[in-house]
Amino acid sequence: MSIDALLPITIYGSSISYFTGKLENYFRIKGIPYQLKGLTTPHCMKRVKQNTGSTQMPALLLGDGRWMTDSTAIIQWFEREFPTPAVTPIEPIQRFFSLLLEDYADEWLWRPAMHYRWYYPEGSLYASTHLAHELAADLPLPVFLKRWAISRRQRNGYTVGDGIRRDQVPRVEAIFHRTLEQLEAIFRQRPFLLGAVPSLADVAFSGPFYRHFCLDPVPAQIVRQQAPGVWEWSARLANCTRQSELGILLEGIPADWGPILNEVGQHYLPYLCENIDAVKKGHQRFDAEIGGVLYRGARWSKYRVWCLQRLREEYTALPEQDQQLARSLLEQHSCWEPMWRHKQLPVDADICARLPFFSTAKMLDVYD
Ligand SMILES: N[C@@H](CCC(=O)N[C@@H](CS)C(=O)NCC(=O)O)C(=O)O
């Protein structure tokens, strides 16, 4: 199929949204033209919900009339339909670990990113003013009221309402500081996570960085001061256009990914296990201590149960010798045990069976 058959491609989202930014970075690297439209009116949101299953952004409208949802599933679909230039590494081990990092960046770094945006008054003033004008312009209310309602909704949904209490703030922020150190060490060596050209791992980290950490006033100042290499990488990625050839990637998994993989094994995957327990027990809220951080009243996420299932399937699909290699790396970074701790996963087929064209799940099951 030629990409021309799918044009024009419209991304419905927001110009400051995490996952909208991630998908935009992907399309730019891939060389696929798109237009961004704001999810601005109740009518538009209704249309997105009817066609994709939820009002989450980004929602994609293809030129042939099909709608798509979920950045991860959308990227995988485009990679299958349009294999060149490949953004997802072709080498199986690199592909698997890139998908693992993508999941980590999507579902775990989301928390500190939302924290920095909505906890600090300057972050919430900036983002709520932007969203009041971009997404709620038609609402006949004064801007100050829209700002107040947006900030309250986001805090209730994604920060305090997702388990980040005031006394734990420094520990949640430490996740961001460690990430900066880990990435800065990589970008001192090379321009992108896997070498000289961008790949899926860069797209993955563009979620938290492009439209949150490098944009929101408080973290952006920290990135500029403490990790200029990360600041430069984010701009470099945004300035990328179609890669003619993937080529020039490093071989295997670079040793400097190790500290990030340790975070995956010691923080993200244990959190996924706690989330699975909560879903199994039917507890919409749960407390969990992860890597020394106490999350009180975190929300369950059925979507994230499926995330783990998808990673397991990717592992199982690896050729035998790659499985062995992947397993020893996963063990080395404490990822193996939590990845397989639960024999059965309580996956909801409604969430995944029709992806990337339809899914009833939101990341956290709120507001739908
Ligand atoms: N797994 C989804 C997550 C999309 C998502 O959660 N997007 C956020 C905005 S960045 C959203 O739409 N949240 C919905 C809400 O807050 O109601 C993806 O990869 O696209």
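It should be noted that the structure appears before, not after, this text.
Residues take numbers from 1 onward in each chain, read along the sequence in its written order. Reporting in this predicted model follows two pLDDT cut-offs: at least 70 for local features of residues, and 80 or more for side-chain atom pairs to be given and counted; totals over whole chains, interfaces and linings ignore these cut-offs and use all residues. Side-chain figures throughout are based on the complete set of non-hydrogen atoms in the structure, without hydrogens or water.

> Mind laying out the pattern of salt bridges, listing which residues take part and the relevant values?
By definition here, a salt bridge exists when the distance from a side-chain nitrogen of Lys or Arg to a carboxyl oxygen of Asp or Glu is within 4 Å. Within this structure, the stated rule accounts for 16 salt bridges. Here Lys22 ties to Asp106 by a salt bridge, and the two come within 2.9 Å at their closest N and O atoms. You can see Lys22 sitting in helix H1 (residues 18-30) and its partner Asp106 sitting in helix H4 (residues 92-107), a full 84 residues away along the chain. Only protein chains enter the accessibility calculation, which uses a 1.4 Å probe; a residue is then buried when its area is under 20% of its type maximum, exposed when over 50%, and partly exposed in between. Classification of Lys22 as buried rests on a relative accessible area of 0%. Measuring nitrogen to oxygen at the nearest pair gives 3.0 Å for the salt bridge that ties Glu314 to Arg95. Of this pair, Glu314 sits in helix H13 (residues 302-316) while Arg95 sits in helix H4, placing them 219 residues apart in sequence. The exposure class assigned to Glu314 is buried, which follows from its relative accessible area of 17%. Judged by its relative accessible area of 28%, Arg95 falls in the partly exposed class. One network of salt bridges, with partners in common, ties together Lys22, Glu102 and Asp106. To qualify as a helix, a DSSP run of H or I must reach at least 4 residues; to qualify as a strand, a run of E must reach at least 2; elements of each kind are numbered from the N terminus.

> An account of the packing of helix H10 (residues 217-226) against helix H11 (residues 228-238) is requested, with residue identities and associated values reported.
Geometry is summarised by axes, namely lines fitted to C-alpha atoms with helices restricted to the contacting stretch, and by angles between N-to-C directions that run from 0 to 180 degrees. Viewed as axis vectors pointing N to C, H10 and H11 meet at an angle of 115°, and their least axial separation amounts to 5 Å. With respect to H11, the axis of H10 lies roughly perpendicular. Residue-level contacts link Ala220, Val223, Arg224, Gln225 and Gln226 of H10 to Pro228, Val230 and Trp231 of H11. Here roughly perpendicular refers to angles of 65 to 115 degrees, roughly parallel to angles under 35, roughly antiparallel to angles over 145, and oblique to all remaining angles. Working rule for contacts: check all heavy atoms of both residues, and any pair within 4.5 Å makes them a contact.

> For the nonpolar core, give the residues involved together with the corresponding values.
Throughout this description, the term nonpolar core refers to a set of buried Ala, Val, Leu, Ile, Met, Phe, Trp, Tyr and Cys residues connected via side-chain atoms within 4.5 Å. By size, the foremost hydrophobic cluster in this structure holds 115 residues, and its most contacted members are Leu60, Phe78, Phe97, Phe205, Phe209 and Trp257. Sorting elements by how many residues they give to this core places helix H12 (residues 258-281) first, with ten residues. Residues contacting Phe209, with those up to four places away along its chain left out, are Phe176, Thr179, Leu180, Leu183, Cys214, Leu215, Val230 and Trp233.

> Can you break down the environment of Asp64 residue by residue, with the values?
If you trace the backbone, Asp64 turns up in the loop between strand E3 (59-61) and strand E4 (67-69). Under the relative-accessibility criterion, Asp64 is labelled partly exposed at 40%. For the pair formed by Asp64 and Ile9, sequence separation is 55 residues and the distance between their alpha carbons is 9.1 Å. Apart from residues no more than four positions distant in its own chain, Asp64 is found in contact with Ala5 and Leu6. Within the structure, Asp64 has its side chain in polar contact with the side chain of Arg66 (distance 2.9 Å). Polar contacts, as used here, are pairs of N or O atoms within 3.5 Å; protein pairs need one atom able to donate a hydrogen and one able to accept it. Residues neighboring in sequence count only if both atoms are side-chain atoms.

> Pulling in residues and values, what's your account of the sheet that holds strand E1 (residues 10-13)?
The strand order E2-E1-E3-E4 describes an open sheet built from four strands, whose pairing is mixed. The open sheet is flanked by strand E2 (35-38) and E4, the only strands paired with a single partner. Sheet twist, expressed as the mean angle between neighbouring strand axes with direction ignored, is 25°. Strands pair, by our definition, only if DSSP identifies at least two bridges between them. Sheet analysis places E1 next to E2, joined by four bridges and oriented parallel. From the neighbouring strand, Ile11 faces E2, where its bridge partner is Leu36. Seen against the sheet, H1 touches E1, E2 and E3 and runs at an angle of roughly 160° to E1. Against the sheet, helix H2 (residues 42-52) makes contact with E1, E2, E3 and E4, and its axis sits at roughly 85° relative to E4, the strand it touches most.

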